Amino acid sequence: MGVGRRFKKQGPPEPLSEEHFAKLKRKAGLPVDDIPTEAPNKKKRKTAKEPAQSNGAGAKKGAQKANGKSNGVKAAPAPKQNGKSTKSKNKKHVPETESDEDLSDGLGDGFSGSELDNDEFSDLDDDEVERLGDDFIGSDDSVYDSDAEDPKERRAMFSEDEDESDAEEKLTAANIVGLSRKLDEQIAQEEAEAQAELEEAALQTNIERPHVLDDEEEDDLALKTKALLAPDLQLLRNRITDTLRVLDDFANLAEEGRSRAEYTSQFLKDVCAYYGYSEYLAEKLMNLFTPREAFAFFEANETARPVVIRTNTLRTHRRDLAQALINRGVTLEPVGKWSKVGLQIFESNVPLGATPEYLAGHYILQAASSFLPVMALGPQEGERVLDMAAAPGGKTTHMAAMMKNTGCIFANDPSKARAKGLIGNVHRLGARNVVVCNYDAREFPRVIGGFDRVLLDAPCSGTGVIAKDPSVKTNKDEKDFMVLPHTQKQLLLAAIDSVNHASKTGGYLVYSTCSVTVEENEQVVQYALNKRPNVKLVSTDLPFGKEGFTSYMGKKFDPSLRLTRRYYPHTYNVDGFFVAKFQKIGPTPANLVKDKPAQAASAPRAEEEEVVDKTPIAADDDIPEGARGQDDFGGFDDDEDEKYMERAKRNAMRRRGLDPKALEKPKTNGEAKAETKVEKKKSESKTKSKRKSS
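Cut-offs used in this document
- Residues numbered from 1 in each chain as written.
- Predicted model: local features only at pLDDT ≥ 70, side-chain atom pairs only at ≥ 80, totals over all residues.
- Heavy atoms only, no water.
- Axes fitted to C-alpha atoms, helices over the stretch in contact; angles between N-to-C directions.
- Helix = DSSP H or I, 4+ residues; strand = E, 2+ residues; numbered from the N terminus.
- Parallel < 35°, antiparallel > 145°, perpendicular 65-115°, else oblique.
- Left-handed = near helix turned anticlockwise from the far one by under 90°.
- Contact = heavy atoms within 4.5 Å.
- Nonpolar A, V, L, I, M, F, W, Y, C, P; charged D, E, K, R; others polar.
- Pairing = 2+ DSSP bridges.
- Buried < 20%, exposed > 50% of the residue type's maximum accessible area, 1.4 Å probe, protein only.
- Lys, Arg positive; Asp, Glu negative; His and termini not counted.
- Salt bridge = Lys/Arg side-chain N within 4 Å of Asp/Glu carboxyl O.
- Polar contact = N/O pair within 3.5 Å; in protein donor to acceptor, adjacent residues only side chain to side chain.
- Phe/Tyr/Trp six-rings, centres within 6.5 Å; stacked < 30°, edge-to-face > 60°.
- Lys NZ or Arg CZ within 6 Å of the ring centre and 35° of its normal.
- Patch = residues over 30% accessible without salt bridge, like charges linked within 9 Å, V, L, I, M, F, W, Y side chains within 5 Å.
- Areas by Shrake-Rupley, 256 points an atom, 1.4 Å probe, with all protein chains shown as cover.
- Core = buried A, V, L, I, M, F, W, Y, C linked by side-chain atoms within 4.5 Å.
- pLDDT = per-residue confidence, 0-100.
- Expected span 1.5 Å × (residues − 1).

**Side note on the packing of helix α10 (residues 260–275) against helix α11 (residues 279–286)**
The interhelical angle for the contact between α10 and α11, taken along N-to-C directions, is 125 degrees, at an axis separation of 10 Å. Comparing their axes, α11 and α10 come out oblique. Of the two elements, α10 crosses α11, and the hand of that crossing is right-handed. Where α10 abuts α11, its residues Thr264, Phe267, Leu268 and Cys272 lie against Glu279, Ala282, Glu283 and Met286. Split into classes, the residues belonging to the contact of α10 with α11 amount to 5 nonpolar, 1 polar and 2 charged.

See below:
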């Protein structure tokens with residue numbers, strides 16, 4: 001490794017002398033041979049320029065004198081050497097320089113008297129020693145011998161940045177209170193300085209208020225030119241961020257003379273331009289949240305929700321299904337502790353809609369938020385359940401699995417095309433207790449009723465699933481938010497009337513939508529509570545979700561709407577959803593069965609005016625010949641009927657995609673003969689009828 005820096009500077013230590021070993025033997029009481037006296041070890045100091053020849057006695061005295069004069073203070077008494085003690089000539093006390101005993105490197109107890117007599121400076125006079133004082137370390141005031149100092153006068157040593165006030169005072173019973181108070185004051189002062197530094201940094205950060213709004217109004221030409229140009233997305237993003245920062249701390253960051261409404265309007269315009277929303281829908285969604293949360297909602301709608309599958313417990317278990325999909329290269333994990341059947345898919349090397357497990361009905365692709373209405377409804381085994389809008393069958397088959405294929409589920413959907421997909425999923429997943437029907441759900445109380453539980457996943461605007469269907473951003477207007485709530489109110493009243501309030505295990509109804517607007521959720525629920533006093537809201541028993549609104553834009557709702565649950569994509573990473581659970585506590589009053597009061601008033605009148613003829617219909621043979629042609633019904637006109645029948649055939653052929661002109665093609669001989677026979681029979685029947693009438 002080579003020689004270290006220490007040995008390069010001072011070299012290796014000198015070998016020990018024979019005299020040193022002889023001294024050790026004398027102390028131990030051992031016999032010592034005659035050893036020639038050696039010259040003392042000349043240990044030079046670094047500051048000494050020229051070593052002087054030692055003469056004998058007087059070196060120690062001269063050194064003490066030099067120290068005393070150069071420092072101007074009294075020298076401390078030197079330690080005893082060989083039973084003799086030396087005293088300083090001067091009365092002033094000064095720290096003594098390092099003695100020769102200290103420079104012995106710990107190899108012995110110091111030099112003997114003979115060695116001191118042979119000191120290299122012994123032949124110098126006192127005056128000469130005083131002149132040499134400036135060249136020695138001992139002449140410097142900054143060098144002290146810690147062993148020679150008085151312990152009472154010892155002072156603490158610090159770095160250049162510290163002073164004597166930083167010395168730690170010795171802790172005693174008398175000063176413990178003062179020291180504690182002093183320490184508390186010091187900590188408080190440090191905290192105040194840190195807080196001031198943070199405030200100054202924040203002030204420096206916010207010293208430039210963001211300039212978001214335009215200073216002057218632009219003319220029409222500039223606005224038209226700006227509209228034709230593509231928006232600068234980076235500029236819009238920065239401006240949205242700055243606007244949010246201003247709205248969060250409006251008092252400190254807003255420009256003078258600007259109102260919050262101006263910043264909100266600018267934020268709305270930037271959101272519409274950046275994310276592609278219509279101004280009407282963006283404003284409606286912004287009213288649901290704070291500006292910061294609204295921005296998070298818009299941002300979450302730009303990313304797709306995780307792919308989730310639901311295990312069909314009628315055919316397999318979730319653990320077995322997960323293992324089978326992992327073996328096929330699918331990366332997955334449970335969707336959450338709140339669901340025992342959901343699996344979240346992160347990556348898949350195979351199409352999830354074509355695996356053998358999918359075709360065997362072991363799972364179905366279903367959004368995580370679609371689990372929530374069925375979990376809230378909680379159907380029990382052996383119950384009669386109605387799903388009023390069942391297609392494509394995810395919720396229906398989930399209920400069948402929870403009921404373990406017992407009881408009966410009526411899965412209704414008004415669309416025949418969507419009902420085909422419903423039937424396919426019901427068969428694939430092995431749900432044997434499902435009856436599929438095709439009715440307008442508003443007719444269901446009259447079609448069949450008395451259900452233990454009813455699930456109504458109402459058609460909605462889809463503002464909670466914008467990530468799946470981005471067209472919602474622009475194709476929804478004010479008319480949609482008037483028509484859809486009206487339909488939802490009718491469906492909800494029909495669902496309430498279909499529930500059996502006397503059910504021993506049920507009497508519950510769940511209303512859900514994939515929308516986040518208040519018009520389709522809280523307002524519809526409030527309407528049902530007003531129209532049907534025999535229902536009340538109960539807890540959904542869902543483990544998570546935000547409470548529904550009890551007031552919105554100046555409107556007050558029933559306090560029980562806190563029991564409803566809202567789900568947002570930016571909060572729970574699921575599709576936007578709304579879930580409300582009702583319990584029917586009594587029969588529906590008779591005067592509230594009809595939804596429209598006009599229909600309810602006109603129905604009794606129609607029953608009074610209607611006259612039913614209960615006379616039995618007689619056969620033609622029993623009717624006299626003179627009265628047969630005089631009945632109110634009259635006879636048939638075959639020629640006129642033939643025209644209507646021909647027109648109906650042509651329309652039917654057009655609907656099937658056939659050419660209606662095929663009816664006019666020339667007919668073969670056999671067809672012509674058959675047609676002549678038919679015409680003859682018709683003419684004969686006409687002549688017979690005329691004769692009878694005459």
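So, next bit.
**What about the sheet that holds strand β1 (residues 307–311)?**
Pairing in this open sheet of 4 strands is antiparallel, and the strands run β2-β3-β1-β4 from one edge to the other. What marks the edges here is a single partner per strand, and that holds for β2 (330–334) and β4 (363–365). Averaged over neighbouring strand pairs, the angle between their axes works out to 35 degrees when direction is ignored. Examined bridge by bridge, β1 and β4 share 3 bridges and lie antiparallel to one another. When the bridges of β4 are listed, threonine 311 appears paired with tyrosine 363. Along the sheet, helix α13 (residues 318–327) makes contact with β1, β2, β3 (342–348) and β4, crossing β2 at roughly 155 degrees.

**Topic: the environment of histidine 317**
Tracing the chain through its elements places histidine 317 in the loop between β1 and α13. A sequence separation of 45 residues divides histidine 317 from histidine 362, and the C-alpha atoms of the two residues are 8.5 Å apart.

**Re unusual backbone geometry**
Residue proline 392 is reached from alanine 391 by a cis peptide bond, and omega for that bond is 5 degrees. Tracing the sequence through the fold places proline 392 in the loop between β5 (384–387) and α16 (394–402). A positive phi angle, near 60 degrees, is found at asparagine 405, a position not held by glycine. Relative to the helices and strands, asparagine 405 resides in the loop between α16 and β6 (408–412). Classification of asparagine 405 as buried rests on a relative accessible area of 18%. The backbone phi angle of methionine 553 is positive, close to 50 degrees, even though this residue is not glycine.

**Some details on the side chain of arginine 305**
Note that arginine 305 resides in the loop between α12 (291–300) and β1. Within the buried set, arginine 305 has no salt-bridge partner at all; the shortest N-O distance to an opposite charge, 5.1 Å, is to aspartate 575. Within the local environment of arginine 305, its side chain forms a polar contact with the backbone oxygen of alanine 300, the two atoms lying 3.1 Å apart. Contact partners of arginine 305, with chain neighbours within four places excluded, come to Ala300, Ala467, Pro569, Asn573, Val574 and Asp575.

**What to know about the packing of aromatic side chains**
Overall, the coordinates contain 18 aromatic pairs when judged by the stated rule. Ring pairing ties together the aromatic residues Tyr274, Tyr275, Tyr277, Phe289, Phe297, Phe298 and Tyr568, which thus form one cluster. Taking NZ or CZ as reference, arginine 428 lies 3.9 Å from the ring centre of tyrosine 358, over its face. Directly above the aromatic system of tyrosine 508 lies the positively charged group of lysine 581, at a separation of 4.7 Å from the ring centroid.

**Focus: a nonpolar patch on the surface**
Taken together, the side chains of Leu16, Phe21 and Leu24 define a hydrophobic patch exposed on the protein surface, amounting to about 270 Å² of accessible area. With respect to the helices and strands, leucine 16 occurs in the loop between α1 (5–10) and α2 (18–28). Residue classification places leucine 16 among the partly exposed positions, given a relative accessible area of 43%.

**Observations regarding the packing of helix α8 (residues 233–248) against α10**
It is the contact of α8 with α10, at a shortest axis distance of 10 Å, that shows an interaxial angle of 150 degrees. Comparing their axes, α10 and α8 come out roughly antiparallel. As α8 runs across α10, the sense of the crossing is left-handed. Residues Leu233, Leu236, Arg237, Arg239, Ile240, Thr243, Leu244, Val246 and Leu247 of α8 form the contact with α10, whose participating residues are Arg260, Tyr263, Thr264, Gln266, Phe267, Asp270, Val271, Ala273, Tyr274 and Tyr275. Among the residues making up the contact of α8 with α10, the classes are represented as 12 nonpolar, 3 polar and 4 charged.

**Here's the deal with the environment of isoleucine 409**
For isoleucine 409, the position within the fold is in strand β6. Under the relative-accessibility criterion, isoleucine 409 is labelled buried at 0%. The sequence separation of isoleucine 409 and valine 434 amounts to 25 residues, and the corresponding C-alpha distance is 4.7 Å. Setting aside residues up to four positions removed in sequence, isoleucine 409 forms contacts with Val385, Thr396, Met399, Ala400, Met403, Asn433, Val434 and Val435.

**Some thoughts on the nonpolar core**
Side chains of nonpolar character tend, in soluble globular proteins, to be buried together. Counting 55 residues, the largest nonpolar core has Leu285, Phe298, Leu492, Tyr511, Val525 and Phe582 as the members making the most contacts within it. A total of 6 residues in this core trace back to one element, the largest contributor, which is helix α20 (residues 480–498). Non-local contacts of tyrosine 511, meaning those with residues more than four positions away in its chain, are made with Leu456, Ala458, Gln488, Leu492, Glu520, Val524, Val525, Phe578, Val579, Ala580 and Phe582. Core analysis: the second largest hydrophobic core is formed by 29 residues, Met399, Val434, Val510 and Tyr567 among them.

**Points about α16**
Within α16, 8 of the 9 residues are buried, leaving the element largely enclosed by the surrounding structure. Within α16, the full set of buried residues consists of Gly394, Lys395, Thr396, Thr397, His398, Met399, Ala400 and Ala401. The positive-phi residue at the C-terminal boundary of α16 is lysine 404, with phi of around 55 degrees.

**Observations regarding the confidence of the model for the protein chain**
In this model, the protein chain carries a mean pLDDT of 76, and residues with pLDDT of at least 70 account for 63%. Here residues 129–144 scores under 50 on pLDDT; set against residues more than four positions off or in separate chains, the count is 31 contacts. Below a pLDDT of 50 lies the segment residues 156–162, which in the model reaches 5 contacts outside its immediate sequence neighbourhood of four places, other chains included.

**Let's talk about α10**
Across its 16 residues, α10 extends 22 Å between first and last C-alpha, which sits within 8% of the 22 Å expected from 1.5 Å per residue. Taken residue by residue, α10 has Tyr263, Gln266, Phe267, Leu268, Asp270, Val271, Cys272 and Tyr275 as its buried positions. Turning to α10, the residues buried within the fold contact α8, α9 (250–253), α11, α12 and α19 (472–475).

**As for the pattern of salt bridges**
Going through the model one piece at a time under the given rule, you end up with 16 salt bridges. Of the charged contacts in the structure, one is a salt bridge between glutamate 299 and arginine 237, with a shortest N-O distance of 3.0 Å. One end of the pair, glutamate 299, is in helix α12; the other, arginine 237, is in helix α8, and 62 residues separate them in sequence. On the basis of relative accessibility, which here comes to 29%, the residue glutamate 299 falls in the partly exposed class. Residue classification places arginine 237 among the partly exposed positions, given a relative accessible area of 25%. A salt bridge links glutamate 522 to arginine 566, with the nearest nitrogen and oxygen atoms 2.8 Å apart. Here the residue glutamate 522 occupies a position in helix α21 (residues 522–531), and arginine 566 occupies one in strand β14 (residues 565–567), the gap between them amounting to 44 residues. For the pair glutamate 522 and arginine 566, a shared accessibility class is recorded, and that class is buried.

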